[in-house]
Structures are given as C-alpha cells and as structure tokens.
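Structure at a glance
Chain residues, written in single-letter form:
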Amino acid sequence: MVNRLLAVGLLASAATLASAGQQANQQQQTDTETPLRSSMQKPPEMTLTVPRANSPVIIDGVNDEKAWQQGNWQLLNHVWVGEKPTREDFSGRYKLVWQTDGLYLLVELIDDVLFDQHANPLHRYWDDDCLEIFIDEDGSGGEHAHNFNAFAYHIGLDNQVADMGPRESQDENNFILLNHHVESMWKRSVEEPFKITWEVKVLIFDDDYDYLAPEKVMPKALTEGKKMGFLLAYCDNDGSKQREHFIGSHPIEPVNGDMNLGYKDASVFAEITLLKGDTE
Ligand SMILES: [Ca+2]
Ligand SMILES: [Ca+2]
Ligand SMILES: [Ca+2]
Ligand SMILES: [Ca+2]
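Quick summary incoming for the structure in this document. Worth saying up front: this structure is predicted, and the values here are computed from it rather than measured.

1. A closer look at the coordination of the calcium ion (ligand 2)
Under ideal tetrahedral coordination, the four donors around a metal are separated by 109.5 degrees; under ideal octahedral coordination, the six donors are separated by 90 or 180 degrees. Protein ligation of the calcium ion (ligand 2) involves D89 (O), D89 (OD), D111 (OD), D112 (OD), D236 (OD), D236 (OD), D238 (OD) and D238 (OD), the donor distances falling in the range 2.3 to 2.8 Å. Along the chain, the residues donating to the calcium ion (ligand 2) are arranged with the sequence spacing D-x21-D-D-x123-D-x1-D. If you look at the calcium ion (ligand 2) and the calcium ion (ligand 4), they sit 3.7 Å from each other and are both ligated by D111. Taken as a pair, D111 in strand β5 (residues 102–111) and D236 in strand β12 (residues 227–236) lie far apart in primary sequence, 125 residues in all. Here D236 falls in the buried class, since its relative accessible area comes to 0%.

Here it is as structure tokens:
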C-alpha cells in the first residue's frame, strides 16, 4: 500500500494525490471491515463449510449412505490434553452434512482400548472414552459452562449424552443428561477391529433451552447460510484413572498453558457455515 501510494505520488499532481489518498483510505476501511463481518473474526483454519445432505442419513453406525460421499474429510488431530497419541492409540477423521432437522456427523476413529470405568453416565464422563461435540447455535461465543449459550455434548460408549447444566440442576456437580439432543450409534469393523464408525445426528437447540421443561422446547430448523460454533473431540482413556488424551478438531489458543477450554468458553469454537448441497 505504501509503495503504491509513493508511486502514485510521484506521477500525480497534488490535487490528484489528495483524491487518490482519500480513495486509498476508503479502500483500506472496506478491506478491513468486510472480512470481519463475513467470517466473524475467525481465521481460515477455524472455519468450515458443511454441504446439505442430498439424501437421507440413517444413524446406524454404517456409513453406506450416498450423503457421506459429499464434503471432505477433516482430521481430528489437535492435542488439547496429554501427549500426542500414536496412530494405533488414537487417530480420527470426520465429515459433516446437514439437513433441515439437524447436523449429521460421521466419525471414523481408531482407539486400541475402549474403556468405560464409571458406569454412572454422569460421573466423570470425560475420563471415559467419549466423543464430544460442541455446538453454539448462534455462534455468539462466550461463557457457557452453566448455561445453554452453547453445549458440550459428551457421548459415552453407552450412547448417553452428558453436559454441565445450570448450577441448580439435580446433580451436585450440575451434570445433566441431554440424550434427546443427540442420536448416536457406533460400530467396530470386522476387517479392522480397532476402527470405529460413529454416526451422529445432533438436534440444534438455542440458548432458550429449558432442561426442566424439555418437551416445550423445539429444536431449530436449519437453513442455508446459517453459521454456528462447532468443535469435535475425543477423550481417549485406555485404562488410566484420568483420560490420557483429549484430541480436538481445531487448534485452541492456550490460556496459562490450558487448552481444555471448550467445555466452558464458546469463543474457542470454530465456525461452520451451512451450504447448499454439492454441485457435482
Ligand atoms: Ca448410516
Ligand atoms: Ca487409545
Ligand atoms: Ca450462543
Ligand atoms: Ca480408549
């Protein structure tokens, strides 16, 4: 920009220079404002587009639907807690598609040991193997530990779904089950026994969700162009007291060395944008 202005200055009269300077100034304002508005200040690595499924998805742990040929695989490879696992210990990838009635997720992962040390689905669910899906319906970001500004759905190996609820909720730690928000099924492979195919349908609820009167709250209908906050992660434990790895879909900027922020701060979520179906 400076070089361009210098070149313009050498060639132009004083009056033309003043005019060019005003134009450059206006251009600069436009350049800085437009990307902020369209991407909600998320850098490219924190954004993802999601195609509309062109055919139905059956949640059965089998990825044979045509819809799963849409979109691109995304890696689950950002270490938030613990050491980087070997490929055999944990590796994973995922795809997203959407329909009016919800967000659909296909996860393929390898985990060498499935471990469910706490039978109670509300007791230290993050220290058992679990798939974790973070949703912020309006992409607002912000604190969400004890409110429904955003959700952190922990899907246990028994397919039950736990999250932190409001401070007055039933459990002393305010943990609640939100099983009706998520339909989920996973299956292991005969050919590759440590490989798991996990299919999930997530109903999208906004911050008006009322856990005391769930039958009164309808999930949101999804529409083209909608933007939401999203992260995916896997808590891998193969037999330890606490989870050994927490591996996420996107990088998280550490605060005092801590990257385990998704369960309480939706501002660290990535941004997904719902698009029309593939145009092939
Ligand atoms: Ca299926
Ligand atoms: Ca493992
Ligand atoms: Ca929100
Ligand atoms: Ca495991």
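2. Overview of the coordination of the calcium ion (ligand 1)
Distances from the calcium ion (ligand 1) to its protein donors, namely I58 (O), D60 (OD), V62 (O), E65 (OE), E65 (OE), E199 (OE) and E199 (OE), fall within the range 2.2 to 2.8 Å. Between the donor residues of the calcium ion (ligand 1), the gaps in sequence give the motif I-x1-D-x1-V-x2-E-x133-E. Using a relative accessible area of 31% as the deciding quantity, one classes V62 as partly exposed.

3. Quick notes on the nonpolar core
Generally speaking, a soluble globular protein has its nonpolar side chains buried in company with each other. L103, W198 and F230 are the most contacted members of the largest nonpolar core, which totals 40 residues. With 16 residues, the next largest nonpolar core counts C130, L231, V268 and F269 among its residues.

4. Description of the environment of V217
Tracing the chain through its elements places V217 in the loop between β11 (195–202) and β12. Separated by 11 residues in the primary sequence, V217 and D206 have C-alpha atoms spaced 9.4 Å apart. The residues contacting V217, other than those within four sequence positions of it, are F205, Y209 and D210.

5. As for the pairing of strand β7 (residues 151–156)
Across the six residues that make up β7, a large majority, six, are buried. By the alternation rule, side chains of β7 split into F151, Y153 and I155 and A152, H154 and G156, which are all buried. In the sheet, strand β6 (residues 130–136) pairs with β7 via six bridges, with the strands oriented antiparallel. Following the sheet pairing, I133 is matched in β7 by Y153. Two strands pair when backbone bridges link them, and β7 and strand β8 (residues 161–164) are joined in this way by two bridges, in the antiparallel orientation. Bridged to H154 within β8 is A162. Hairpin geometry of β7 and β8 is characterised by an intervening segment of four residues between the two adjacent antiparallel strands and by a positive phi of about 70 degrees at N159.

6. Some thoughts on unusual backbone geometry
One non-glycine residue with positive phi stands out, namely R124, at about 45 degrees. With respect to the helices and strands, R124 occurs in the loop between β5 and β6. On the accessibility criterion, R124 (30% relative accessible area) is partly exposed. Unlike most non-glycine residues, N256 shows phi in positive territory, near 50 degrees. Checked against the element boundaries, N256 lands in the loop between β13 (245–248) and β14 (270–274).

7. As for the packing of aromatic side chains
Tallying each qualifying case throughout the model produces 15 aromatic pairs. We note R93 situated over the ring of W73; from NZ or CZ to the ring centre the distance is 3.8 Å. Positioned over the ring face of F246 is R243, at 4.1 Å from the centre of the ring.

8. A word on the pattern of salt bridges
When the charged atoms of two side chains lie near each other, side chains of opposite charge can form a pair. Counted by the stated rule, this structure contains eight salt bridges. For D206, the salt bridge is made with K220, and the minimal N-O distance between the two is 3.6 Å. Of this pair, D206 sits in the loop between β11 and β12 while K220 sits in the loop between β11 and β12, and the two are 14 residues apart along the sequence. Relative accessible area serves as the criterion here: at 16%, D206 is assigned to the buried category. Several salt bridges share partner residues, and in doing so they unite R93, E108, E192 and K195 into one network.

9. Considerations on the layout of surface pockets
Its volume calculated, the largest pocket comes out at about 320 Å³. If you trace the largest pocket, you find 18 residues lining it, with L76, R87, F90, S91 and G92 closest to the centre. Looking at the lining of the largest pocket, the elements with two or more residues in it are β2 (74–76), β4 (90–99) and β5. When residues of the lining of the largest pocket are assigned to their parent elements, the largest contribution, four residues, is made by β4.

10. Section: the pairing of β12
Counting buried positions along β12 yields nine of 10 residues, so the element is predominantly enclosed. The pairing of β6 with β12 spans seven bridges and is classified as antiparallel. Bridging across to β12, I135 finds its partner in F230. Pairing between β12 and β14: four bridges, direction antiparallel.

Criteria and thresholds
- Residues numbered from 1 in each chain as written.
- Chains lettered and ligands numbered in written order.
- Predicted model: local features only at pLDDT ≥ 70, side-chain atom pairs only at ≥ 80, totals over all residues.
- Heavy atoms only, no water.
- Donors = N, O, S within 2.8 Å, 3.2 Å for Na, K, Ca; no water.
- Helix = DSSP H or I, 4+ residues; strand = E, 2+ residues; numbered from the N terminus.
- Buried < 20%, exposed > 50% of the residue type's maximum accessible area, 1.4 Å probe, protein only.
- Core = buried A, V, L, I, M, F, W, Y, C linked by side-chain atoms within 4.5 Å.
- Contact = heavy atoms within 4.5 Å.
- Pairing = 2+ DSSP bridges.
- Phe/Tyr/Trp six-rings, centres within 6.5 Å; stacked < 30°, edge-to-face > 60°.
- Lys NZ or Arg CZ within 6 Å of the ring centre and 35° of its normal.
- Salt bridge = Lys/Arg side-chain N within 4 Å of Asp/Glu carboxyl O.
- 1 Å grid on protein atoms, 1.4 Å probe; cavity = no way out; pocket = protein on both sides within 12 Å on 5 of 7 lines; lining within 4 Å.
- Points joined across faces, edges and corners; volume = space filled by probe spheres on them.

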